[in-house]
Amino acid sequence: MALLTKGVRGTRDVLPGETHELRHIEHTALEIAEAFGFSEIRTPVFEHTELFERSVGDTTDVVQKEMYTFFDKSGRSITLRPEGTAGAARACLEHGLLNEALPCKVSYIVKNYRYEKPQAGRYREHSQFGVECFGAAVPAADAELIALAAELFANLSLTDYRVEINSIGCPECRKGYLEALRAYFGAKRDELCETCQGRLERNPMRILDCKSPICAEIAANAPSVLDYICGDCAAHFDAVKGFLDALDLPYTVNPRIVRGLDYYTRTVFEFISEVPALQGMALGAGGRYDGLIEELGGQHTPSLGFAMGLERLWLQLQSLKAPLPEPSRCELFIAALNDAALVKAAQLAAAVRSDGWHTQYDVAGRSLKAQMKYADKLNARCTLVLGDDELKNQRAKLKDMATGEETLVTLTDFPDEFEQLMLRRMQTELAELYGDNTGGILAGE
RNA sequence: GUGGAUAUAGCUCAGUUGGUUAGAGUGCCAGGUUGUGGCCCUGGAGGUCGUCGGUUCGAACCCGAUUAUCCACCCCA
């Protein structure tokens, strides 16, 4: 069958059998954030293009070649957001949230759009969980963000990652560092790869990040930012490390971390996967951006935040075989043999559902055998069969699909009876799980 | 943007040196005596062989282009 069209390159459909896993990740993330005092904010998928040009930086790759930018029907230049921070900052600023008690702490789950070449864990539309903390200058704030991420990872049973931190200083101390880098790399200009030769003037810090073996070798002996940051920045960084130590949060200092977005200052950090198959993949990243709010027209407001790619977190969890929830299970399937029985099935289902039980009945008009097969495929816990006899006698058999055991129930009291049966069943299951005969249950699972 | 691999049923894949109506497993649907799932048996639906063009009497197979997917680089989440 020739389809008219397919999903757009770089996009991904999350199908019914798997959405519950993603939902679990999202819920966990927002809940952990809430426990740290971050409240959810929702901002539009598109913004005025200049917001990103100004905040992300118009020399960055993201702005230069990856944004989905278009003109709307009134000729405004609009851009689908490539990252979450700018929109959150704009919204908080615009609505005066930064004039209230600070810090202003927000969390969000958003879709981002970047025109990149799709790859494992990299999409043109990707989901991201992030938090932003506006108006927090002290090093404790930096450490708290990393603590939040660690708490989230722990809650998801996500392991096999490392935290790398660095300080890229403030704009003042960075001037001296950039000069030093230009001097160092300039002397070996001819050995550098082509892209890096171009970076020399524009942004020499990027050379540190180059994966080409030659550049990497040269970069290995390049001056470290940490030797050039000013006293204040150095003190801040030391304090951040002190907090991390005090909180038992392991990290390694990597003086070569360079963020691809211009707004970062001082502390930057990355969460990097150590799962063999995903080695080196960034699960998340963040840092401090003390100048961003001013850049957007607000008061000087030291701020910081981080974001994590949900698809990547999910990949990591799957690679680790970390526990993920099961999809909602059908507790009761009602098979109906004729139209009158179907009406009764609909009524009973409504009653049982109002007690919260996942209930379905046949809506495909199939034979009893087919309905039973379908119930089996749904992995339904119980089935109830309704036909003429049952309607006449007001009694029917409730079948346990796992054991085949049948219980006679009365249709008039059915919802109550069903609930009693299910509750009793849950009790015995719990008792067996936590009782002293656990062995038998586990063997039976 | 650069480099490499791949593209045949919903899914996983066969398809011999180009040769008539393109196959298997699985999944889906229906039956195996009238109202009970899982196992087994039988039957059925489903593919213009990614797309377009070329070579040839003849192309799933050879050639070219294009698109998509996967991987690496770049960049990032």
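Residues numbered from 1 in each chain as written. Chains lettered and ligands numbered in written order. Predicted model: local features only at pLDDT ≥ 70, side-chain atom pairs only at ≥ 80, totals over all residues. Heavy atoms only, no water.

So, on to the confidence of the model for chain A. Caution applies to low-pLDDT parts of the model: their predicted coordinates are not meant to be read in detail. Scored by pLDDT, chain A comes out at a mean of 89, with 94% of its residues at no less than 70. Across chain A, the secondary-structure element scoring lowest on mean pLDDT is helix H16 (residues 438-444), at 45, and the one scoring highest is strand E1 (residues 39-40), at 98. This model gives residues 438-445 a pLDDT under 50, and the stretch forms four contacts once residues within four places in sequence are excluded. Across the assembled chains, the prediction reports ipTM 0.87 with pTM 0.89. (pLDDT = per-residue confidence, 0-100. Helix = DSSP H or I, 4+ residues; strand = E, 2+ residues; numbered from the N terminus. Contact = heavy atoms within 4.5 Å.)

On the basis of which strands lie adjacent, the open sheet formed by eight strands has the order E1-E5-E6-E11-E10-E9-E7-E8 and mixed pairing. Two strands lie at the open edges of the sheet, namely E1 and strand E8 (252-253), each paired on one side alone. Relative to strand E6 (residues 125-134), strand E5 (residues 104-113) runs antiparallel, the two sharing 10 bridges. Within E6, the position partnered with Lys 111 by the bridge is Ser 127. (Pairing = 2+ DSSP bridges.)

For the rest of this paragraph, the subject is the pairing of E6. The element E6 is extensively covered by neighbouring structure, given that nine of its 10 residues are classed as buried. One ladder, built from seven bridges, connects E6 with strand E11 (residues 303-309); its direction is antiparallel. Along E11, the bridge assignment pairs Gln 128 with Gly 309. (Buried < 20%, exposed > 50% of the residue type's maximum accessible area, 1.4 Å probe, protein only.)

Across all of its chains, the model carries 18 salt bridges by this definition. Here Glu 295 ties to Arg 54 by a salt bridge, and the two come within 3.3 Å at their closest N and O atoms. With Glu 295 in helix H10 (residues 292-295) and Arg 54 in helix H2 (residues 49-57), the pair connects residues that are 241 residues apart, well separated along the chain. Looking at Glu 295, the relative accessible area reads 38%, which means it is partly exposed. Its salt-bridge partner being Glu 94, residue Arg 90 comes within 3.0 Å of it at the nearest N-O pair. Taken together, the residues span about one helical turn, with Arg 90 and Glu 94 both in helix H4 (residues 85-94) at a distance of four residues. What makes Glu 94 exposed here is its relative accessible area of 55%. Among the ionic contacts, a cluster of salt bridges with common partners joins Glu 47, Arg 90 and Glu 94. (Salt bridge = Lys/Arg side-chain N within 4 Å of Asp/Glu carboxyl O.)

Attention shifts here to the packing of helix H12 (residues 339-354) against helix H15 (residues 414-434). Direction vectors running N to C along H12 and H15 enclose 45°, while the axes themselves pass 9 Å from each other. Classified by the interaxial angle, the pair formed by H12 and H15 is oblique. Considering the relative orientation of H12 and H15, their crossing is right-handed. Here H12 contributes Leu 348, Ala 351 and Val 352 to the contact with H15, which in turn contributes Phe 414, Pro 415 and Phe 418. (Axes fitted to C-alpha atoms, helices over the stretch in contact; angles between N-to-C directions. Parallel < 35°, antiparallel > 145°, perpendicular 65-115°, else oblique. Left-handed = near helix turned anticlockwise from the far one by under 90°.)

Among the residues making up helix H11 (residues 310-320), those that are buried are Leu 310, Glu 311, Leu 313, Trp 314, Gln 316 and Leu 317. Following H11 by one or two positions, Lys 321 adopts a phi angle in the positive range, close to 55°.

If you trace the three strands from one edge of the open sheet to the other, you get E2-E4-E3, paired in antiparallel fashion. For this open sheet the edge positions go to strand E2 (46-48) and strand E3 (68-71), each flanked by a neighbour on one side alone. When strand polarity is set aside, the average angle formed by the axes of neighbouring strands in this sheet is 35°. One ladder, built from three bridges, connects E2 with strand E4 (residues 77-80); its direction is antiparallel. Paired with Glu 47 across the two strands is Thr 79, which belongs to E4. Where H2 meets the sheet, it contacts E2, E3 and E4, and its direction lies at approximately 80° from that of E2.

Looking at the secondary structure, you find Glu 311 in helix H11. One buried charged residue, Glu 311, forms no salt bridge at all, with the nearest opposite charge on Lys 111 at 5.2 Å. A polar side-chain atom of Glu 311 sits 2.9 Å from a polar atom in the side chain of Ser 127. Not counting chain neighbours up to four residues away, the residues in contact with Glu 311 comprise Tyr 123, Glu 125, His 126 and Ser 127. (Lys, Arg positive; Asp, Glu negative; His and termini not counted. Polar contact = N/O pair within 3.5 Å; in protein donor to acceptor, adjacent residues only side chain to side chain.)

In this section: the nonpolar core. Counting 47 residues, the largest nonpolar core has Phe 134, Phe 185 and Leu 208 as the members making the most contacts within it. Of all the secondary structure elements, the ones that give two or more residues to this core are H2, helix H3 (61-66), H4, E5, helix H6 (171-187), helix H8 (213-220) and H10. For this core, the element with the most residues is H6, which contributes six residues. Once you skip the residues sitting within four places of it in the chain, Phe 185 turns out to touch Leu 192, Leu 200, Pro 204, Ile 207, Leu 208, Ile 218, Ala 219 and Ala 222. Core analysis: the next-biggest nonpolar cluster, separate from the first, contains 45 residues, Ala 143, Leu 249, Phe 271 and Val 275 among them. (Core = buried A, V, L, I, M, F, W, Y, C linked by side-chain atoms within 4.5 Å.)

Enumeration according to the criterion identifies 15 aromatic pairs in this entry. On the numbers, 5.5 Å between centres and 70° between planes, the contact of Tyr 263 with Tyr 289 is edge-to-face. Taken as a pair, Tyr 263 in the loop between E8 and strand E9 (265-273) and Tyr 289 in the loop between strand E10 (282-288) and H10 lie far apart in primary sequence, 26 residues in all. Residue Tyr 263 is classed as buried on the basis of its relative accessible area of 6%. With a centroid separation of 6.0 Å and an interplanar angle of 85°, the aromatic rings of Trp 357 and Phe 418 are classed as edge-to-face. Linking Trp 357 in the loop between H12 and strand E13 (359-361) with Phe 418 in helix H15, this pair joins segments that are 61 residues apart in sequence. (Phe/Tyr/Trp six-rings, centres within 6.5 Å; stacked < 30°, edge-to-face > 60°.)

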